[in-house]
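Structural characterization, general
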Amino acid sequence: MTQSHHPIAVIGAGLGGLTLARVLRAHDIEAAVFDLDASPAERAQGGMLDIHEDSGQVALRAAGLYDRFRELVLPGGQATRVLDRHAVVRLDEPDDGSGGRPEIDRGDLRDLLLGSLPEDTVRWGAKVTGARPLGGGRHEVTLADGTVFTTDLLVGADGAWSRVRPLLSAARPAYTGVSFVEADLLEADLRHPVAAEVVGGGFFFALGAGRGFLAHRETDGSLHVYAAVEAAEEWLDGIDFTDTEAAKERVLEHFDGWDKSLRSLVTDADGPLVPRRIHALPVGHRWDRVPGVTLLGDAAHLMSPFAGEGANLAMLDGAELAGFLAARPDDVEAALSAYEERLFPRSAASAAESARSAALLFREDAPVGLLEMFTAHD
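In short, a report on the structure. Being a predicted model, the structure only gives us computed values, none of them experimental.

We now examine the overall build of the protein. Each helix and strand counted, the protein has twelve helices and 16 strands in total. For the protein, whose C-alpha radius of gyration is 21 Å, the value lies close to the compact-globule estimate of 21 Å for 378 residues. Summed over its atoms, the accessible surface of the protein is roughly 16400 Å², and 49% of this surface lies on carbon and sulfur atoms. The positive charge centre, built from 35 side chains, and the negative charge centre, built from 60, are 3 Å apart in the protein.

This brings us to the side chain of R165. Along the chain, the position of R165 falls in the loop between β10 (148-156) and β11 (174-185). It is D158 that comes nearest to the buried, bridge-free R165 among opposite-charge side chains, at 6.8 Å.

Mapped onto the elements, A206 comes out in strand β12 (residues 203-208). C-alpha of A206 to C-alpha of G14: the two residues are 192 residues apart in sequence and 30 Å apart in space. Excluding residues within four positions of it along the chain, A206 makes contact with L83, D84, G212, F213, W258 and L262.

Below, the discussion takes up the pattern of salt bridges. Applying the stated criterion across every chain, the model contains 17 salt bridges. As a salt-bridge pair, E320 and R346 come within 2.9 Å of each other at their nearest N and O atoms. With a gap of 26 residues between them, E320 in helix α10 (residues 310-327) and R346 in helix α11 (residues 332-361) connect regions that are remote in the sequence. Assessed through its relative accessible area of 14%, E320 is described here as buried. Taking the relative accessible area as the measure of exposure, R346 reaches 18% and is therefore buried. Here R363 makes a salt bridge to D365, at a shortest N to O gap of 2.9 Å. Accessibility expressed as a relative area gives 30% for R363, which makes it partly exposed. A residue is classified by how much of its surface remains accessible, and D365, at 34% relative accessible area, is partly exposed. When salt bridges that share partners are traced, they join D317, E320, R342 and R346 into one network.

Turning our eyes to something else, we now look at helix α4 (residues 106-115). Burial in α4 covers these residues: G107, L109, R110, L112, L113 and L114. If you check the start of α4, you find a side-chain oxygen 2.8 Å away from the backbone N of G107, and it comes from D105.

Reading guide: rules and limits
Residues numbered from 1 in each chain as written. Predicted model: local features only at pLDDT ≥ 70, side-chain atom pairs only at ≥ 80, totals over all residues. Heavy atoms only, no water. Helix = DSSP H or I, 4+ residues; strand = E, 2+ residues; numbered from the N terminus. Rg over C-alpha atoms; globule rule 2.2 N^0.38 Å. Areas by Shrake-Rupley, 256 points an atom, 1.4 Å probe, with all protein chains shown as cover. Lys, Arg positive; Asp, Glu negative; His and termini not counted. Charge placed at Lys NZ, Arg CZ, Asp CG, Glu CD. Buried < 20%, exposed > 50% of the residue type's maximum accessible area, 1.4 Å probe, protein only. Salt bridge = Lys/Arg side-chain N within 4 Å of Asp/Glu carboxyl O. Contact = heavy atoms within 4.5 Å. Polar contact = N/O pair within 3.5 Å; in protein donor to acceptor, adjacent residues only side chain to side chain.

In short, geometric facts, not functional conclusions.
This is the structure in structure tokens:
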């Protein structure tokens, strides 16, 4: 069987992998992207993202997509509310349009990146099962359907459980001690006015010791809710999520005595609840230079979501890697070294911030820690 060859192969069509492919294309460099999903519509892409001036927006400018991104931003989405477990509002900051972290639906952002690439850039339904070095920086990649291809540069943009990472590092994500249960409340203003009122127009925190609700309003008028609980790794295994009403009761056992308006974020949820354990790679994860392969995004620096940096860093990783490759077309190793030299300290700082934020969010005196953080940033 004749193997196909791709000079640059990117594993994963998430925000980081697509940003890499887009910025490379802006420099007239082609990359082949492989994703395990059967199509771009196979999975919901998650909720809102705040795109930061010093990372995600830098990447969008490099991709030539910044103006189109601004057209997709949710007006008012930067509003922030912090409540305690009794639903007493402790902080209420409106979105006056001057903030540097505009909110966009993750699906809209991914569609923007996908639409900027030729249709044949992404190979859908391409699940990587293995990769091995061939020497000289080249790698052979095997897909689940038996297809095998070779590449001169293999980029792992394939998330938390990356199949490319083992070529560089033995590190594996570890459970952080926090589990989420996600819920959606549709047409919130009309159908769930109590929840809509308590959450407000942007991002929302209601916090207590070891637990809390995080939520945000989406562009379609729904609320996306995360019930967060500090719990043993096996906690979610004891809940039958196929029985939604019973699952709601089990989750709300951890919010006994909380205000009814806050409990309604779970009680009134539409559709099934979705469990998610929060994992992270070790803070400061890095690797020695290995010819012909590197990582970006969660594959390189998976961290808890409590600093809001994951997607932003993945996009900046992709844009910077593309820039270094374009600047050194005849010396891939020099480009990779330059990229990783920037990547490691940046991701270590963000991962440490995420870990600190997780610790202060659910302190015994919550929400005091978060309020102190916001006050310090003002």
